[in-house]
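Spelled out, the chains give:
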Amino acid sequence: MEFRTNRHVIDLVFPIAVFFVFTASSLAVLMLAANIYHTQTTDADNNYMTRTSLAYVSEKIRQNDANGGISVRTVEDRSCLAIESVSYDVSYTTYIYEYEGTLKELFIRDDAKLRLKDGKDIMEVKEFSIEEIGDGLFRFASSDLDGNKTALIVSERSAP
């Protein structure tokens, strides 16, 4: 008994073609996913760098907003956000400012010598400006190392 099989070229070409179509589709989906991931991480990094400094300052104001103790002062020819507080009958002031490309914070007793270089580094910034645009209304502008700029207006909730 003899079995005869009729094999055609299509029997070999079709599975190979399906394999190549599947491989090409998989590669295209992988390339699109990698591009989306890269775009999202870049955007997240940019948002972090541009907004973190402003969010930090805003949170400091919200935490310490009492009795109108927030103001803008000029120290060593720099505008500084000054947040006054009293603890155990001792007056303290927290200064937030930009110094040599770094956002800094300095918590100091009011009777101590004030030097801006002594502040604690918060994060690197290209520019950081502070201005009081109204009674208890402050405008902050920040620029990160890549030149991305953002601004924030915060109002003081307490009254002097």
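Overview of the structure. In this text, all values refer to a predicted model and were calculated from it rather than measured experimentally. (Residues numbered from 1 in each chain as written. Predicted model: local features only at pLDDT ≥ 70, side-chain atom pairs only at ≥ 80, totals over all residues. Heavy atoms only, no water.)

### Some thoughts on the overall build of the chain
Check the secondary structure of the chain and you find one helix and eight strands. In the chain, the succession of α and β elements from N to C terminus is α-β-β-β-β-β-β-β-β. Along the first, second and third principal axes, the C-alpha atoms of the chain reach 110 × 30 × 30 Å. Taken across its 160 residues, the chain has 29% of its residues classed as buried. By sequence separation, contacts in the chain at least 24 residues apart represent 34% of the contacts at least 6 residues apart. Of the roughly 11,200 Å² of accessible surface on the chain, 54% is carried by carbon and sulfur atoms. Where the 17 positive side-chain charges of the chain centre and where its 25 negative ones centre are 3 Å apart. (Helix = DSSP H or I, 4+ residues; strand = E, 2+ residues; numbered from the N terminus. Buried < 20%, exposed > 50% of the residue type's maximum accessible area, 1.4 Å probe, protein only. Contact = heavy atoms within 4.5 Å. Areas by Shrake-Rupley, 256 points an atom, 1.4 Å probe, with all protein chains shown as cover. Lys, Arg positive; Asp, Glu negative; His and termini not counted. Charge placed at Lys NZ, Arg CZ, Asp CG, Glu CD.)

### Focus on unusual backbone geometry
Positive phi, close to 50 degrees, is recorded for E76, a residue that is not glycine. Turning to its location among the elements, E76 is positioned in the loop between β1 (70-75) and β2 (78-87). What makes E76 partly exposed here is its relative accessible area of 42%. The phi dihedral of D77 is positive, around 60 degrees, even though this residue is not glycine. The residue D77 is located in the loop between β1 and β2 in this model.

### Section: the sheet that holds strand β3 (residues 90-99)
The strand order across the open sheet formed by five strands is β1-β2-β3-β4-β5, and the pairing between neighbours is antiparallel. In this open sheet, the two edge strands, each paired with only one partner strand, are β1 and β5 (120-124). Within the sheet, the average angular offset between the axes of one strand and its neighbour, ignoring direction, is 25 degrees. With four bridges joining them, strand β4 (residues 102-109) and β5 adopt antiparallel strand pairing. Among the inter-strand pairings, E105 is bridged to a residue of β5, identified as K120. Each of β1, β2, β3, β4 and β5 touches helix α1 (residues 10-64); the most contacted strand, β5, lies at about 140 degrees to it. (Pairing = 2+ DSSP bridges. Axes fitted to C-alpha atoms, helices over the stretch in contact; angles between N-to-C directions.)

### Some words on the sheet that holds strand β6 (residues 127-134)
Read across the sheet, three strands follow the order β6-β7-β8 without closing on themselves; strand pairing throughout is antiparallel. The sheet terminates laterally at β6 and β8 (149-155), the two strands that pair on one side only. Each strand axis lies, on average, 15 degrees off the axis of its neighbour in the sheet, ignoring direction. Of the pairings in the sheet, the one linking β6 to strand β7 (residues 137-143) comprises seven bridges and is antiparallel in character. The residue bridging E127 from the neighbouring strand is S143, located in β7. Here α1 sits on the sheet and contacts β6, β7 and β8; the angle it forms with β8, its principal contact strand, is near 10 degrees.

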